[in-house]
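Structural characterization, general
Each chain, letter by letter, is given below.
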Amino acid sequence: MKEILKQIPERSPKPRKIGLTMMMDKGLSIREAENFLETCYEHTDIVKLGFGTSILTPNIAEKIKLYKDNGMLVYPGGTLFEAFAIRNQLADYKKYLNKTGLNMLEISDGSMFMDHKLKCSYIQEFAKDFKVISEVGSKDSSVEISSENWIKWMRNELEAGSWKVIAEAREGGNVGVFDGDGGIKSELIKEITQHISDSDILWEAPNKNQQIWFIEQFGVNVNLGNISPNSVIPLECLRLGLRGDTFHTFLKK
Amino acid sequence: MKEILKQIPERSPKPRKIGLTMMMDKGLSIREAENFLETCYEHTDIVKLGFGTSILTPNIAEKIKLYKDNGMLVYPGGTLFEAFAIRNQLADYKKYLNKTGLNMLEISDGSMFMDHKLKCSYIQEFAKDFKVISEVGSKDSSVEISSENWIKWMRNELEAGSWKVIAEAREGGNVGVFDGDGGIKSELIKEITQHISDSDILWEAPNKNQQIWFIEQFGVNVNLGNISPNSVIPLECLRLGLRGDTFHTFLKK
Amino acid sequence: MKEILKQIPERSPKPRKIGLTMMMDKGLSIREAENFLETCYEHTDIVKLGFGTSILTPNIAEKIKLYKDNGMLVYPGGTLFEAFAIRNQLADYKKYLNKTGLNMLEISDGSMFMDHKLKCSYIQEFAKDFKVISEVGSKDSSVEISSENWIKWMRNELEAGSWKVIAEAREGGNVGVFDGDGGIKSELIKEITQHISDSDILWEAPNKNQQIWFIEQFGVNVNLGNISPNSVIPLECLRLGLRGDTFHTFLKK
């Protein structure tokens, strides 16, 4: 890039510690995953196998291997963790992860009630054998979480062993740090990031207006997730100012 | 599934008689159809070649053969039937179906006026040589059909030889049993299903909120159609309670 | 088509001079581009490599060659031209175009201010070595351009050497000749086409309601662009009256 165009913001190099992009795979075939890697390898760090899709996709172990062989972190959506948790089958979940070659998982409580201390103990326990990402926020749009709780829970989960914490937004981008129309709760986000480093947070931001806001607020190397496969390159264009919406963001005045 | 997770609702096994999923193909290439079958074979029963797309897609006979060889029922959208009907070319339509290897068709009157008795006679005639699925409802959102007519027409068409009747919704999910915003006319649907078995109806339900409603109303094995290729696995997750929206639907209290 | 169905409107044959369809590629892999060509070759004339995506897509030269070998006109989105222009790197842009095998470009000023005379001089200069398509309209929805200016600027740019002029609409179809909700500024469009031949204009019309309006207004062979890869066949169905929305448009009364 720098050889081609001047004044392009500096992207972190792979393997990235910040500026992560997480793609949401809802059931790609092997060939579609290969297509994705061909064009998006350089711009993607993490693949989430959305909600329970991984147990319905044939040859999932082969696809996970393909992603891992290409340096991607791979984990199944938190809903799958919760589906095992609510059935008291977490030991079976560990077996499932091991069998399919997954060394990372998401621990969330977006669809069920889980005592926060219990959630943290799960994080602690799974973190012994797996990379853990945990999620704060409810999938139920009627649930309001105070900024104090957002901050306290994120901090506790990071201390319990989460590699990053996710701010729940769903595939629709309409809960958690967003309102029902996908609008951004900017005051809440600013308050959270006064106490939790934004580099420790992975923001689910499926919609373009949300991606733009985070890039303008936190810079080119903000961590963004729930990106559909064919939105990864458009997102990278937004990060680099190669799309109308952020065309002027990183140009020197 | 049952080996992995407990309390998952019982899906009908393939070849299915109920719990059908119909995918809408709007012009996939051969390789894209192969990708689809790799991941969605188990979760799909019927492929509709949407509206008139089949006569614009090269190698359509090859694609139809591919789907049929994989046990899919395949039929072109009703708009194609109507395009031949309004031109008085139904004999040519039979030739087209035979030439491309199609042994199933949709008979509809969503875009043109057709006397109901004439429509039933078409169903009767085509049913001699083809599997017929017929559709009730107008593509014109200003046309209101009384529940009495929905019920009478569906019954007549089933008696005339339709394998199933479709409740028109379009790709947008915004006419027929839905209102212009995609909302569900639940009273109408409940009234219809007091007289017509819901297993005889294929509900076009392209939007997630519609799919959720039908699953919660009629159970895991409701027949759903107009599903885009990459929404088939997400829909199967909804059916099985592996997505936030139906997470609690089938759990024993 | 004519062998199959009567009363289908006459489409211009390839290579087309009118009735052009421009597909927007936002980062397809080689295999996805092949899939696209398999089904859409006959229905597509131009490929736009959307905004700055071309410099982020690996093997871009190979993909450009694939499209060109299949008779497609190929050009990168105007935002890329502007990204080079605002950095005073237009000489580098020429090198980039030559290096990747591009013999066509878009000259626009949708994201930056550019004096209209300067823009025309760029068109004149680039037109010596490249096929130039230029775009009128701002990506900023708050910018209102009078119909006089739409007409004057389009005329000047055509005289300066543009092959066609584009009416800016963005991928969202919500600026320029459309309002913020995607509605059509029909009076403006009619006024423009009283002075500029509609065959000299490529209308960006990503949304179905917009495509229908243009087809009903200007006929089957209107030039339409910003069409997503999997909407090209559905658009062709709209053109030919093989979809409910235009079912009656071209039928003789």
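In the block above lies the structure referred to throughout.
Described in the following lines is the structure provided in the data block. By convention here, each chain's residues receive numbers from 1 onward along its written sequence. The order in which chains are written sets their letters, starting at A; the order in which ligands are written sets their numbers, starting at 1. With pLDDT at 70 or above as the cut-off, local features in this predicted model cover only qualifying residues; side-chain atom pairs require 80 or more to be listed or tallied, and sums for whole chains, interfaces and linings still use all residues. Derived side-chain values reflect all non-hydrogen atoms in the structure, with water molecules and hydrogen atoms excluded from consideration.

Quick look at the sheet that holds strand β8 (residues 224–227) of chain B
All names here are of chain B. The sheet built from eight strands is open, its strands ordered β3-β2-β1-β8-β7-β6-β5-β4 with parallel pairing. Unpaired on one side and paired on the other, β3 (73–76) and β4 (104–107) mark the two borders of the sheet. Between one strand axis and the next, the sheet turns by 25° as a mean value, whatever way the strands run. Note on pairing: two strands pair once DSSP finds at least 2 bridges between them. Note on conventions: DSSP H or I runs of at least 4 residues are helices, E runs of at least 2 residues are strands, and numbering of each starts at the N terminus. Bridge count between strand β2 (residues 46–49) and β3: four bridges; the pairing is parallel. If you follow Ile-46 over to β3, its bridge partner there is Leu-73. Fitting a line to C-alpha atoms yields each axis, with helices limited to the stretch in contact; the angle taken between N-to-C directions then spans 0 to 180 degrees.

Section: the interface of chain A and chain C
In what follows, a contact means two residues having at least one pair of non-hydrogen atoms within 4.5 Å. At the junction of the two partners, chain A supplies 25 residues and chain C supplies 28 residues. Roughly 2400 Å² is buried in total at the junction of chain A and chain C, and carbon and sulfur atoms are behind 61% of that figure. Summed over the three residues of chain A that lose the most area to chain C, namely Ile-4, Glu-38 and Phe-247 of chain A, the buried surface amounts to 24% of that side. A side-chain nitrogen of Lys or Arg and a carboxyl oxygen of Asp or Glu constitute a salt bridge if their distance falls within 4 Å. Scanning the region where chain A abuts chain C turns up two salt bridges. The quantity reported as buried area is the accessible area (1.4 Å probe) lost by two parts once they are put together, taken as the sum for both.

Describing the interface of chain C and chain B
In this assembly, 25 residues from chain C lie in contact with 28 residues from chain B. Carbon and sulfur atoms supply 61% of the area that chain C and chain B bury against each other, a total of about 2400 Å² over both sides. Per-residue buried area on chain C facing chain B is highest for Ile-4, Glu-38 and Phe-247 of chain C; these three make up 24% of the total on that side. At the junction of chain C with chain B, the criterion picks out two salt bridges. Ionic pairing is found between Asp-245 of chain C and Arg-170 of chain B, a salt bridge with its closest N-O pair at 3.0 Å. Polar contact is defined as a pair of N or O atoms within 3.5 Å, subject to the rule that within protein one atom must be able to donate a hydrogen and the other to accept it, and that residues adjacent in sequence are counted only when both atoms are side-chain atoms. Along the contact surface separating chain C from chain B lie twelve residue pairs in polar contact (both at pLDDT 80 or more). Elements with a contribution of two residues or more to the side of chain C that touches chain B: α1 (30–40) and α9 (232–240) of chain C. Of the residues belonging to the side of chain C that touches chain B, the class tally is eleven nonpolar, six polar and eight charged. Under the scheme applied, nonpolar residues are Ala, Val, Leu, Ile, Met, Phe, Trp, Tyr, Cys and Pro; charged residues are Asp, Glu, Lys and Arg; polar residues are all the others, including Gly.

A few points about the environment of Lys-68 of chain B
Residue and element names in this part refer to chain B. With respect to the helices and strands, Lys-68 occurs in helix α2 (residues 60–69). Distance from Lys-68 to Ile-46, taken between C-alpha atoms, is 9.6 Å for residues 22 residues apart in sequence. Sequence-distant contacts of Lys-68, that is, excluding residues within four places in its chain, are made with Val-74, Gly-101 and Asn-103.

Some remarks on the relation of the copies chain A and chain C
Superposing chain A onto chain C requires a rotation of 120° together with a translation of 0.0 Å along the rotation axis, leaving an RMSD of 0.0 Å. When the rotation and shift are considered jointly, the pair of chain copies conforms to a three-fold rotation axis. Mapped onto chain C, only 4% of the interface residues of chain A are again interface residues, and the two copies thus contact each other with different surfaces. Copies are brought into register by a least-squares superposition over C-alpha atoms of residues with pLDDT of at least 70 in both.

Digging into the sheet that holds strand β6 (residues 164–167) of chain A
Residues and elements named next belong to chain A. Strand order across the open sheet formed by eight strands is β3-β2-β1-β8-β7-β6-β5-β4, with parallel pairing between neighbours. Each edge of the sheet is formed by a strand with only one pairing partner; in this case those strands are β3 (73–76) and β4 (104–107). Taking each pair of neighbouring strands and ignoring which way they run, the sheet shows an average axis angle of 25°. Where helix α6 (residues 147–160) meets the sheet, it contacts β5 (131–136), β6 and β7 (201–204), and its direction lies at approximately 150° from that of β6.

Quick look at the packing of helix α1 (residues 30–40) of chain B against α2 of chain B
Residues and elements named next belong to chain B. Contact geometry of α1 with α2 gives a least axis separation of 10 Å together with a crossing angle of 10°. The angle between the axes of α1 and α2 places the two elements in the roughly parallel class. Contacts from Ile-30, Ala-33, Glu-34, Phe-36 and Leu-37 of α1 reach α2 at Glu-62, Lys-63, Leu-66 and Tyr-67. Counted by class, the contact of α1 with α2 contains six nonpolar, no polar and three charged residues. Put simply, angles under 35 degrees are roughly parallel, angles over 145 are roughly antiparallel, angles from 65 to 115 are roughly perpendicular, and the rest are oblique.

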